Amino acid sequence: MLVKDILANPDYKGQIDYAPVQEFEGSGHRRYRNFMSGDWAWEQADMIAQDPETHGAMFVPIILGSDKTTVSVATGHNEYYPLYASIGNVHNNIRRAHLGALVLVGFLAIPKTDNAHASSAKFRKFRRQLFHSSLSKILESLRPGMTTPEVTCCSDGHFRRVIYSLGPYIADYPEQVLLTCIVQGWCPRCTAKQTDLDGGVGALSEHTELLVRGLSWGHFGLSMVSSGMLYQLGQKYLILEHGQTRAQPILDDIDRRLTPLSSRPGFKQWTGDDSKALMKVYLPAIEGHVPRDAVGHFELFGILLHCSHDVITEETVRDLHDTIMRYHNYGDF
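Residues numbered from 1 in each chain as written. Predicted model: local features only at pLDDT ≥ 70, side-chain atom pairs only at ≥ 80, totals over all residues. Heavy atoms only, no water.

A. Representation of the overall build of the chain within the structure. When helices and strands are counted, the chain shows ten helices and eleven strands. Within the chain, the fraction of its 333 residues that count as buried is 38%. Expressed as a percentage of contacts within the chain between residues at least 6 apart in sequence, the contacts between residues at least 24 apart total 59%. Element-wise, carbon and sulfur atoms account for 54% of the exposed surface of the chain, whose accessible area totals about 19200 Å². (Helix = DSSP H or I, 4+ residues; strand = E, 2+ residues; numbered from the N terminus. Buried < 20%, exposed > 50% of the residue type's maximum accessible area, 1.4 Å probe, protein only. Contact = heavy atoms within 4.5 Å. Areas by Shrake-Rupley, 256 points an atom, 1.4 Å probe, with all protein chains shown as cover.)

If you want it as structure tokens, here you go:
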């Protein structure tokens, strides 16, 4: 129902792509603007067109995201685990303008236990099962529309046959571990080892297919995972380098430097748009507490994670590739 409400919203007329698009500049170079201009959307639409039962149906990718949030530290660390959804057909400017294209689907459960059992294999298994079964139940209503077209009203007033699909899931690393059923420290996208990040291959198709069958989510999903974890990098480096006890005064000093920049003291509580603004001042705040190479490492990592362009061209891709190469210069660090 939430997805249908987004599709039928008349305010989005002219701001929804009803089919994948490919845009080219005058020079003939490809450019990417919204979600439906990407290769993945085009490939999925080709698969729909090849099936006689779904041929001609509109492709509607579901974008999901979740992030466990501490609402108030002062009142006992009240935590909420919201799950959000949008569709890839809506243009980026609509989704960013808070016009209802990003909706709250529900709140995921946060299992708790005592310290004696928090690291036990049984409790970790329970957490994974609870997370996946909750998502499976929440998304259950989409399942019929993943294989059989449903007639749905769209923002322009026309009715179309649509096929739903699970698209990207936006999450930080701990949630990616839960989502992709991997061991902490593994990459959710490939088989690279921690000691050789360039040595892995793409995600194993057998693993992905097994997850899809186990969750009963249909034929799509789990192939695209996004992250938002840069703000944690500085903390983890300092703790690994100095230990928790010695790192805490350093973290407190960084927090003190950042406090005048926000009405909510403590960079640990900054999220969303605040976290992007934080990165602009975070590098000066850690100056003197970490080696110069580390600052360069964080800076390039920040560029890669927070780069935002309304239109991405082949030149943009080349610039990002150059940044990646520079980032790998700090690989030994």
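B. The arrangement of the packing of aromatic side chains in detail. One pass over the structure, following the stated rule, counts five aromatic pairs. Relative to Trp 40, the ring of Phe 35 has its centre 6.0 Å away and its plane inclined at 75 degrees; by these criteria the two rings are edge-to-face. Side by side, Phe 35 and Trp 40 carry an identical accessibility label, which is buried. Members of the aromatic cluster, each reached through a chain of ring pairs, are Phe 35, Trp 40 and Phe 59. Sitting above the plane of the Tyr 18 ring, Arg 160 keeps its charged end 3.7 Å from the centroid. (Phe/Tyr/Trp six-rings, centres within 6.5 Å; stacked < 30°, edge-to-face > 60°. Lys NZ or Arg CZ within 6 Å of the ring centre and 35° of its normal.)

C. Geometry of the nonpolar core. Core analysis: the biggest nonpolar cluster contains 31 residues, and Val 3, Val 60, Ile 62, Ile 87, Phe 131, Tyr 164 and Tyr 169 have the highest contact counts within it. Contributing elements (two or more residues each) for this core: helix 1 (2-8), strand 3 (58-66), strand 6 (82-87), helix 4 (121-138), strand 9 (159-170) and helix 5 (173-180). Among all residues touching Ile 62, those that are not within four sequence positions of it are Val 3, Ser 86, Ile 87, Leu 142, Tyr 164, Ser 165, Leu 166, Gly 167 and Pro 168. Listed in part, the ten residues of the second largest apolar core include Tyr 237, Ile 250, Ile 254 and Ala 285. (Core = buried A, V, L, I, M, F, W, Y, C linked by side-chain atoms within 4.5 Å.)

D. Representation of the confidence of the model for the chain. For the chain, the mean per-residue pLDDT works out to 76, and 71% of the residues sit at or above 70. No element of the chain has a lower mean pLDDT than strand 10 (residues 225-226), which averages 46, and none a higher one than strand 8 (residues 150-153), which averages 94. Contacts for the low-pLDDT stretch residues 214-231, under 50 throughout, to residues beyond four places or in other chains number 59 contacts. The low-confidence segment residues 263-272, where pLDDT is below 50, has 21 contacts with residues more than four positions distant or belonging to other chains. (pLDDT = per-residue confidence, 0-100.)

E. Geometry of the side chain of His 91. As for its position among the elements, His 91 is in the loop between strand 6 and helix 3 (92-96). For His 91, a relative accessible area of 13% translates into the label buried. With residues up to four places along the chain from it excluded, the contact list for His 91 reads Gly 14, Gln 15, Ile 16, Asp 17 and Asn 34.

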